[in-house]
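Descriptive structure summary
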Amino acid sequence: MIIKKGIAANIGIAIGKTYLLKEDNILIEKLRLPKDKVKAEVKRFKEAIAKTKDELNAIREQVLDSLGKQHARLIDAHHMILQDPLITRDVTDMISNQCVNAEYALSEKIISAVKKFDRIEDDFFAERKNEILDVGKRITANLVNQEKTSIKDLKEHAIIVAHNIYPSDTLHMRRSNKVMAFCMDVGSKSSHTAIFAQNMGMPAVVGLGDISRMVKNGMTLIIDGEEGNVVLDPTPEMVEKYKKKREELHKQEHYLLKIKKLPNVTRDSKKVNIMVNLDPDDNFADFKTYNTDGIGLFRTEFLYLNRNNIPNEDEQVEVYKKLLENNKELPVIIRTADIGGDKASNMGIKEIKNEENPFMGFRGIRLFLKYPDLLKTQLKAILRVSPGTNVQIMIPMVTSLSELLSVKQILAEIKTELDRKGLEYKKDIPLGIMVEVPAAALILDHLLNEIDFVSIGTNDLVQYVLAVDRVNQYVSELYDPYHPAILRLINLIVQTAHKKGKKVSVCGEMAGDHLAGAVLLGLGVDALSVPLKSYLKTKQNVRNLSFERISGLAPRLLGVSNSEEIKEIILKELQ
């Protein structure tokens, strides 16, 4: 028996036999071509691209019908890769200049691009790398006329194991009633496969490294989508243990549905605001059924991705209008796009080169102040939909007062323009900031006079305070939200904001964690904002708490010198 640790992509437990989805590795040889054959080789390559494009068109229609717009956009991203100069220019140039076969030229250019992506530790680039590899394999298969093995060939119930699972694979998984769960070598919580698993309610673990090389077809596996564990060839005792755990999870799911309409209060009747984080691709209608306290974070950066242009004002207005049309009373906090310079070239900003470290670079409000038309377009769209709503604006990655004042100046100019045109907007629209950089936390007393609320982005705050990139395999275990420095900094933020009468929410992963959420409430955080899929679980956690007791623990937690003891104290209290 072997237990392999990965990234939990979706909660749930599955026990079953393995179906290994093998990579279709094609042996590529370098062939020298006579000069008079080069033109025909370029033509053969272009025909393979055309065939690949037709395949993607067919898949897109099926994905759109079965999985919705969010997954169809992934196929759009593949279409964009087909139009990239890497494919349309560099490969054909290599065929022509070096007189080599198309398969070899394509392989060399794909490998070169992937090596560049490998130097950047970022989930976004990991996904782009996988998409390029997928497109490259499709073109290669069409060059050699090889058919790809598929999940549609599955005959019995099984757990899918693969190096990577592509959009076309998820389509077959959706249509099949044989797939119990899946796990794979690559992927992250934000990868398309993780999103697919969440939408399908399918247990999944990703980022396992080499699971596809460790298993054989027919091997028994246990997928623990809650802890992110995969058990290979489990003992009978381990199978029995996980069967019981699966039964408990089913009971818990039924219970959670029953508490939908109950208030968000602790055991001692303290009201706690529990809000949700949404993306433009989320189902806004689902949100309404959960009886939440509002939308604590609406991420707008996804409007800018997988496209070659910038969403215009009217396009953004339509998205925000749809978000707000059935939600006039509750607060809806729209965050201006937190896009890094690493993604700016996708938006038509060609002068920005890929950065060595995008997390420390040209991202968030820095990028939007450098290109103020981006910010003006977004702010104007939000103001246009604001009448009669409780919409609020939040600015990411603020590190200085001058940045905040620049935003307010642009906002004032937009209001003057709207007044001149006679267009209605909410005059006193609340403005807040994300505190996710230590600098913002330490000068918060200077910033608070210019804003109405604060939201702590704990994911980035932990990274920046501890100097840990959580997607870097060498230091990810040092990513510790319970580190005493993190709790002390959060306490400083809360106390500073409360002295000025300003509310503080948390919209990072800590908000949805049952231990960390209790710590945050004990420190005085006013609201928790969590993904929709975590909302009911967070609600249950809050309803099980005694606010008086966790508040009383706060001074003790702030005096502890290590994270393990902090977790022990809060766990003992919760038990």
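Everything discussed here concerns the structure shown above.
Below you will find a few notes about this structure. (Residues numbered from 1 in each chain as written. Predicted model: local features only at pLDDT ≥ 70, side-chain atom pairs only at ≥ 80, totals over all residues. Heavy atoms only, no water.)

Notes on the overall build of the chain
This is how the line gets drawn: Secondary structure elements are taken from DSSP: a helix is a run of H or I of four residues or more, a strand is a run of E of two residues or more, and numbering for both begins at the N terminus. Note on contacts: a residue pair qualifies if any of its non-hydrogen atoms lie within 4.5 Å across the two residues. Working definition of accessibility: Shrake-Rupley area with a 1.4 Å probe, residue cover restricted to the visible protein chains.
In terms of helices and strands, the chain carries 22 helices and 16 strands. Once local pairs closer than 6 in sequence are excluded, the contacts in the chain between residues at least 24 apart make up 68%. In the structure as shown, the chain presents an accessible area of about 26400 Å², 49% of it carried by carbon and sulfur atoms.

Let's talk about the sheet that holds strand β11 (residues 332–335)
Note the following rule: One bridge is not enough; two strands pair if DSSP finds at least two bridges between them. Between N-to-C directions, angles span 0 to 180 degrees; the directions come from axes that are lines fitted to C-alpha atoms, helices contributing only their stretch in contact.
Read around the closed barrel, the eight strands follow the order β9-β10-β11-β12-β13-β14-β15-β16; overall the barrel is parallel. Put simply, the sheet's adjacent strands are angled 30° from each other on average, direction ignored. Examined bridge by bridge, strand β10 (residues 295–299) and β11 share three bridges and lie parallel to one another. Within β11, the residue paired with Ile295 across the bridge is Val332.

Examining the sheet that holds strand β5 (residues 179–184)
Across the sheet, eight strands lie side by side as β1-β8-β7-β3-β4-β5-β6-β2; this open sheet has mixed pairing. If you trace the sheet from one side to the other, it starts and ends with β1 (2–5) and β2 (7–10), each paired once. Between one strand axis and the next, the sheet turns by 30° as a mean value, whatever way the strands run. Here β2 runs beside strand β6 (residues 204–206); their pairing, made up of three bridges, is antiparallel.

A word on empty space enclosed by the protein
This is how the line gets drawn: A cavity, in this analysis, means grid points on a 1 Å lattice covering only the protein atoms where a 1.4 Å probe fits yet has no way out; a pocket is instead an open set bounded by protein on both sides within 12 Å along at least five of seven lines, and a residue lines either one if it has an atom within 4 Å of a point. Grid points are joined across faces, edges and corners, and a volume is the space filled by probe spheres set on the points.
For the structure on display, the rule yields three cavities of 30 Å³ or more. Looking at the second largest cavity, its volume works out to about 50 Å³. Lining the second largest cavity, in full, are Ala511, Gly512, Asp513, His514, Gly517, Ala518, Leu521, Leu528, Thr538, Asn541, Val542 and Leu545. Elements that contribute at least two residues to the lining of the second largest cavity include exactly α19 (514–522) and α20 (535–543). Considering every element that reaches the lining of the second largest cavity, the biggest residue donor is α19, with four residues.

Focus on the packing of aromatic side chains
We count it as follows: Aromatic pairs are defined between Phe, Tyr and Trp rings, using the six-membered ring for Trp, whenever the two ring centres lie within 6.5 Å; interplanar angles under 30 degrees are classed as stacked, those over 60 as edge-to-face, and all others as tilted.
Under the defined criterion, the tally for this structure stands at three aromatic pairs. A centroid spacing of 6.4 Å and a plane angle of 85° characterise the contact between Phe298 and Tyr320, whose relative ring orientation is edge-to-face. A residue pair is termed long-range when its members are at least 10 positions apart, and Phe298 in strand β10 and Tyr320 in helix α11 (residues 313–324) qualify at 22 residues. The interplanar angle of 65° and the centroid separation of 6.0 Å between the aromatic rings of Tyr304 and Phe368 together place this pair among those described as edge-to-face.

Quick word on the nonpolar core
Here is the rule: The nonpolar core is taken to be a set of buried Ala, Val, Leu, Ile, Met, Phe, Trp, Tyr and Cys residues, with the residues joined through side-chain atoms within 4.5 Å. Categorising residues by exposure relies on relative accessible area from a 1.4 Å probe, with only protein chains included: less than 20% of the type maximum marks a residue as buried, more than 50% marks it as exposed, and the intermediate range marks it as partly exposed. By convention here, the domain bounds are inherited from an automatic or database domain assignment.
If you look at the biggest cluster of nonpolar residues, it comprises 97 residues, and the most contacted ones within it are Phe298, Tyr320, Ile433, Ile490 and Ile493. Composition of this core by domain shows at least three residues from each of domain 3 (262–272 + 435–575) and domain 4 (294–429). Discounting residues that sit within four places of it in the chain, Ile493 has contacts with Val435, Ala441, Leu444, Val454, Ile456, Leu461 and Val504. Leu56, Ile81, Leu106 and Ile110 belong to the second-largest nonpolar core, a separate cluster that totals 28 residues.

Considerations on the packing of helix α9 (residues 236–258) against α20
When two helices pack together, their arrangement is given by the angle between the helix axes and by the axis-to-axis distance. The condition is simple: Under this scheme an angle from 65 to 115 degrees is roughly perpendicular, one under 35 degrees roughly parallel, and one over 145 degrees roughly antiparallel; angles in between are oblique. Amino acids are sorted into nonpolar (Ala, Val, Leu, Ile, Met, Phe, Trp, Tyr, Cys and Pro), charged (Asp, Glu, Lys and Arg) and polar (every other residue, Gly among them).
Packing of α9 against α20 brings their axes to within 10 Å, and their N-to-C directions diverge by 80°. On the basis of the axis angle, α9 is roughly perpendicular to α20. Across the interface between the two elements, Gln252, Tyr255, Leu256 and Leu257 from α9 touch Leu536, Lys537 and Gln540 from α20. By residue class, the composition of the contact of α9 with α20 is four nonpolar, two polar and one charged.

Concerning the pattern of salt bridges
Rule in force here: A carboxyl oxygen of Asp or Glu within 4 Å of a side-chain nitrogen of Lys or Arg is what we treat as a salt bridge.
Counted by the stated rule, this structure contains 21 salt bridges. The partner of Arg335 in a salt bridge is Glu301, and the shortest N-O contact between them spans 2.6 Å. Of this pair, Arg335 sits in strand β11 while Glu301 sits in the loop between β10 and α11; the two residues are 34 residues apart in sequence, bridging distant segments of the chain. For the residue pair Arg335 and Glu301, the accessibility class agrees, reading buried in each case. One salt bridge connects Lys321 with Glu318, and the closest N-O pair in it is separated by 3.8 Å. In this pair, Lys321 and Glu318 both sit in helix α11, three residues apart, roughly one turn of the helix. Overall, Glu318 belongs to the partly exposed group, its relative accessible area being 48%. Counted as one network, the salt bridges with shared partners bring together Glu313, Asp314, Lys380, Arg384, Glu417 and Lys421.

Notes on the packing of helix α13 (residues 372–384) against helix α14 (residues 401–421)
Inclusion rule: Whether a crossing is left-handed or right-handed is set by the direction in which the near helix is turned from the far one by less than a right angle, anticlockwise for left-handed and clockwise for right-handed.
At a minimum axis distance of 10 Å, the contact between α13 and α14 shows a crossing angle of 55°. Taken together, α13 and α14 sit at an angle that is classed as oblique. Two packed elements cross with a definite hand, and for α13 against α14 that hand is right-handed. Counting all contacts with α13, which are made through Pro372, Leu375, Lys376, Leu379, Lys380, Leu383 and Arg384, the residues of α14 involved are Val407, Ile410, Leu411, Glu413, Ile414, Lys415, Glu417 and Leu418. For the contact of α13 with α14, the residue count by class is nine nonpolar, no polar and six charged.

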